[in-house]
Amino acid sequence: MSAPAAVLDRARRPGPGALARARALGGRSDVDLGADLLRGVPTNDGRGEELLRQVSERAQAFGRRMAAASEGAGEPGRVVERDDGLDRPDPVVARYLHREGVVEVFTDAVALCEDLVEQLGWRAWFPTGSVRGAAVAHERAHHLVAERHAAELRAAVGVPALRLGRWVRWAHVAGAEELAAHAFAQQALGLGRSPLLVTAAATTCLEAALAPPSRTDVVKES
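These numbers come from a predicted model, not from an experiment. (Residues numbered from 1 in each chain as written. Predicted model: local features only at pLDDT ≥ 70, side-chain atom pairs only at ≥ 80, totals over all residues. Heavy atoms only, no water.)

(A) The overall build of the protein, seen in detail. Summing up its helical and strand segments, the protein has 8 helices and 5 strands in all. For the protein, the succession of helices and strands along the chain, N to C, is α-α-α-α-β-β-β-α-α-β-β-α-α. Across the protein, the fraction of contacts at a sequence separation of at least 24, relative to all contacts at a separation of at least 6, is 69%. As displayed, the protein offers around 11800 Å² of accessible surface, 52% of which is attributable to carbon and sulfur atoms. (Helix = DSSP H or I, 4+ residues; strand = E, 2+ residues; numbered from the N terminus. Contact = heavy atoms within 4.5 Å. Areas by Shrake-Rupley, 256 points an atom, 1.4 Å probe, with all protein chains shown as cover.)

(B) Highlighting the nonpolar core. One finds V55, M66, L120, W122, F126, V157 and F184 to be the most contacted residues of the largest nonpolar core, which totals 57 residues. In terms of residue count, the dominant contributor to this core is helix α6 (residues 130-157) (10 residues). When sequence neighbours within four positions are dropped, the list of residues in contact with F126 reads V117, L191, R193, S194, P195, L197 and V198. (Core = buried A, V, L, I, M, F, W, Y, C linked by side-chain atoms within 4.5 Å. Buried < 20%, exposed > 50% of the residue type's maximum accessible area, 1.4 Å probe, protein only.)

(C) Representation of the packing of aromatic side chains in the model. Under the defined criterion, the tally for this structure stands at 1 aromatic pair. When the centroid spacing of 5.9 Å and the interplanar angle of 45° are considered together, the rings of W122 and W125 count as tilted. Geometry around W125 places R193 over its ring, the cationic atom sitting 5.1 Å from the centre. (Phe/Tyr/Trp six-rings, centres within 6.5 Å; stacked < 30°, edge-to-face > 60°. Lys NZ or Arg CZ within 6 Å of the ring centre and 35° of its normal.)

(D) Up close: helix α7 (residues 176-189). With 14 residues, α7 ought to run about 20 Å at 1.5 Å a step, and its terminal C-alpha atoms sit 20 Å apart, in line with that. Every buried residue belonging to α7 is among A176, L179, A180, A181, H182, A183, F184, A185 and Q186, and all of these are buried. Turning to α7, the residues buried within the fold contact α3 (30-39), α4 (49-69), α6 and α8 (196-210). In the stretch just after α7, G190 is the one whose phi turns positive, near 65°. (Expected span 1.5 Å × (residues − 1).)

Take a look at the structure:
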């Protein structure tokens, strides 16, 4: 079920409590935010906190190296704009359609993220218009991993699935590619922080908009 218009309006204009929680994310490192993302993936339930932080650090380092070795952010194919990224069960800023070779950029979700960056005072990290550019670069990273670098990413993350003497088969860690794609976009566009921070802040505000108002988000009438 898509989010009602009232919910989206609250997400675009978060109350003081939600805004404070989103702003606090800026005080955490990209590695810690990445560990949070990995922790939220059910298949990572059996992995400890230290391992999740290692995976986060290694995946993001791989994404930055991949961007540095590429010819720039670029675009993986034709870019099509849509306006229904928030009008779906799992809100999305952009996605890459592999068969069609098309990147879909959802302008409503981009606008929400740009508004939040402004409200949170993060323009030094994310200049005006960078959310869209980061979204396209992010999808290019997914394309590059799928086409060329999947095995390299697994090796860089360094979580063994099987060992037979000196032979090691590296595991696929769900969420690692997403972190690499965020870091790729940061490196490609020269951003001050990973776009992961913006998506985490947007998620915080969307979740707050869906929840009953808290005392910190209620403005008392005089």
